Amino acid sequence: MTEATVDGGTSTGSTFASQFPQPTREQWQSLVAGVLRKSRVIGADDAPDRPEDLLATTTYDGITLAPLYTADDASPDAGVPGLPSYVRGARATGSSTEGWDVRQLHGDPDPARTAEAVLADLENGVSSVYLQTGAGALDPAELPRVLTGVLLDLAPVVLDPGADFASAADALLAVFRDRRVPADEVRGNLGADPVGTHARTGTAPGAGADLAAAADLAVRAHAEFPHLQAIAVDGQPFHEAGASEGQELGAATAAGVAYLRALTAAGLDVDTALGLVEFRFAATADQFLTIAKLRAARRLWARVAQASGAASGAQKQHAVTSWSMTTQRDPWVNMLRTTVAAFAAGVGGADAVTVRPFDAALGLPDAFARRIARNTQSLLLEESHLAQVIDPAGGSWYVEKLTDDLAHAAWAFFQEIERAGGITAALDSGLIADRIAEVRAARDKALATRADAITGVSEFPNLTEEPVVREPAPAPAGGGLPRVRYAESYETLRDRADAVLAETGARPAVFIATLGPIAQHTARAQFARNLFAAGGIDAADAGATAETADVVAAYERAGKPKVAVLASSDKLYADQAAPAAAALKAAGAEYVWLAGAAKKWADSGADGFVFAGCDAVAVLNRTYDLLGGGAR
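So, here's what we can say about the structure. (Residues numbered from 1 in each chain as written. Predicted model: local features only at pLDDT ≥ 70, side-chain atom pairs only at ≥ 80, totals over all residues. Heavy atoms only, no water.)

**Quick word on the environment of G34**
- On the secondary structure map, G34 appears in helix α2 (residues 25-38).
- Taking the C-alpha atoms as reference, G34 lies 68 Å from P144; in sequence the two are 110 residues apart. (Helix = DSSP H or I, 4+ residues; strand = E, 2+ residues; numbered from the N terminus.)

**Points about the nonpolar core**
- In terms of nonpolar packing, the biggest core is built from 164 residues, with F238, I423, I432, L566 and L584 touching the most fellow members.
- Ranked by residue count, the leading element in this core is helix α9 (residues 245-265), at eleven residues.
- Those residues in contact with I432 that lie beyond four places of it in its chain are F238, F413, I417, I423, A426 and L427. (Core = buried A, V, L, I, M, F, W, Y, C linked by side-chain atoms within 4.5 Å. Buried < 20%, exposed > 50% of the residue type's maximum accessible area, 1.4 Å probe, protein only. Contact = heavy atoms within 4.5 Å.)

**A look at unusual backbone geometry**
- Look at the link from P84 to S85: it is a cis peptide, with omega at 10 degrees.
- Within the fold, S85 resides in the loop between β2 (64-65) and β3 (101-106).
- At R40, a residue that is not glycine, the phi angle is positive and equals roughly 65 degrees.
- Residue placement: R40 occurs in the loop between α2 and β1 (57-58).

**A look at the sheet that holds β3**
- Taken in spatial order, the eight strands line up as β3-β4-β5-β6-β7-β8-β9-β10 and close into a barrel, and their pairing is parallel. The mean inter-strand angle of the sheet, taken between neighbouring strand axes irrespective of direction, is 30 degrees.
- Sheet analysis places strand β8 (residues 277-283) next to strand β9 (residues 316-321), joined by six bridges and oriented parallel. Paired with F279 across the strands is Q317, a residue of β9.
- Docked against the sheet, α9 engages β6 (188-192), β7 (229-234) and β8, running at close to 170 degrees with respect to β8. (Pairing = 2+ DSSP bridges. Axes fitted to C-alpha atoms, helices over the stretch in contact; angles between N-to-C directions.)

**Observations regarding the packing of helix α11 (residues 287-307) against helix α14 (residues 397-419)**
- Where α11 contacts α14, the axes come no closer than 8 Å and their chain directions differ by 55 degrees. What the angle tells us is that α11 and α14 run oblique. In terms of crossing hand, the pair formed by α11 and α14 is right-handed. Contacts between α11 and α14 involve F288, L289, I291, A292, K293, R295, A296, R299, L300, R303 and V304 from the former and Y398, V399, E400, L402, T403, D404, L406, A407, H408, A410 and W411 from the latter.
- Here the contact of α11 with α14 is composed, by residue class, of 14 nonpolar, two polar and six charged. (Parallel < 35°, antiparallel > 145°, perpendicular 65-115°, else oblique. Left-handed = near helix turned anticlockwise from the far one by under 90°. Nonpolar A, V, L, I, M, F, W, Y, C, P; charged D, E, K, R; others polar.)

Structure (structure tokens):
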């Protein structure tokens, strides 16, 4: 059955559906306007021409996301899977024949533990091995030990070697030779990515870790093992610095072009060079943006291949669930985030998917966390049969339009980088850092105001959760673009609360002055309780009260905290807010917040205001300053 258009016309492909009246866009807009009036977004007499615009949102690339997409939302023909522009997939059959490559990440520097974990993964559904080597990770000299028992002709090995990719590659190549693995059976990627190292460390390519060295390695490895890739274009350093999806794609495309130039300069033809490069992108819990990002990435690279005169240009993609979206607090929710991200990566057409363990932000993952990570993909593949549909997002007006918009945003950033002299020059000049910083500032504001909510951290925090403790992971290389997690500002506040608890035996606390009966104050009291809990601050409330004296008595029973919060309805605020604020201050409160709009209750006697959309991080930091607990 095909979809009928909202704008009218008859449904096709179903006689049954055609018997129903076809709604028009105007009818839908009328219904939308009615809902907006009921919710008081617009006035009772307002009749906007396009009420849907009030429901639209904007991405960090400036792309407008509409609440409804129809056949009128034109986007270029996405073609068919397996052919340029490869939007619908790099392979004609998608992942339907074998599923995507389930690739598990290993970053433990202990070779014995890593060897054990690798075999456990391969025995339980993982199809390729993803190893971090170098400083703070596995010593390349330990690769023979780590890969003992691995059938290297069946399980590809992918390296993430950092700056010293040459020694890691030589160690892996030696393993292939020593095990006498047939050259035609060797798969994987040596992981040379000096541009990614430059982005992470701030150190420009050079001293053996430059583009020419990576190209020479690729030529040498290809001559011996023709199906082994050597170059990994990693978009994660840009994503983890706070980049938008378009910026991650644009920077990765620019890095890919730099490698393509180096590979052809080293003597490879362009088609061979294209085949030696794999792209790595972050997959987030924003499923539609992740789907569109992977589809747009293939379109961008196909355009580069076309401009280079290549016969093909299908991009090899490796999607890794985002480190930036992981949390240390309530880390169990990370399972939900990575499930959505892995789903999006599969639907978006990634060739390989890595799910980070739910405890990735806490340190080295344990066996349970690795098991959940690999089983997430097994469930998507074996029980949800996600790979059995070729390009499941294809034909969605929303996804097709978003893919097109994202491709244009990314291409514009790619062109800006090229105009600046290429990816290395743009990193050295600070252009990329500056552009990403602008997006990061916007994202930080959205996180602080909880417009971008983090479940379990900024929303629905659990102050009584049992801490999850892991062995610390070695610190990754730094010095270049920052590496940030979205939850950090709230988790820093929670750390302050824990410090107070450890020192005094009690959490920092505020008093919620609930005015009137429960029905009048429940909504705002709960809002305030959750807001302060996001920073680790506990709250006692007065419960149902009849007069100001009841509020003051409850305040004194609570130990007279320095900070109080008025919470009630607008109706009761009109008569009770000012007297209650004055009485609380007389009883010892040094600062009074009011849960409500600042403009409306400016004369209430409150010192500050908390409301939906306020800067929660600023409110929490101000409260800690008033309470005098926990060093910043």
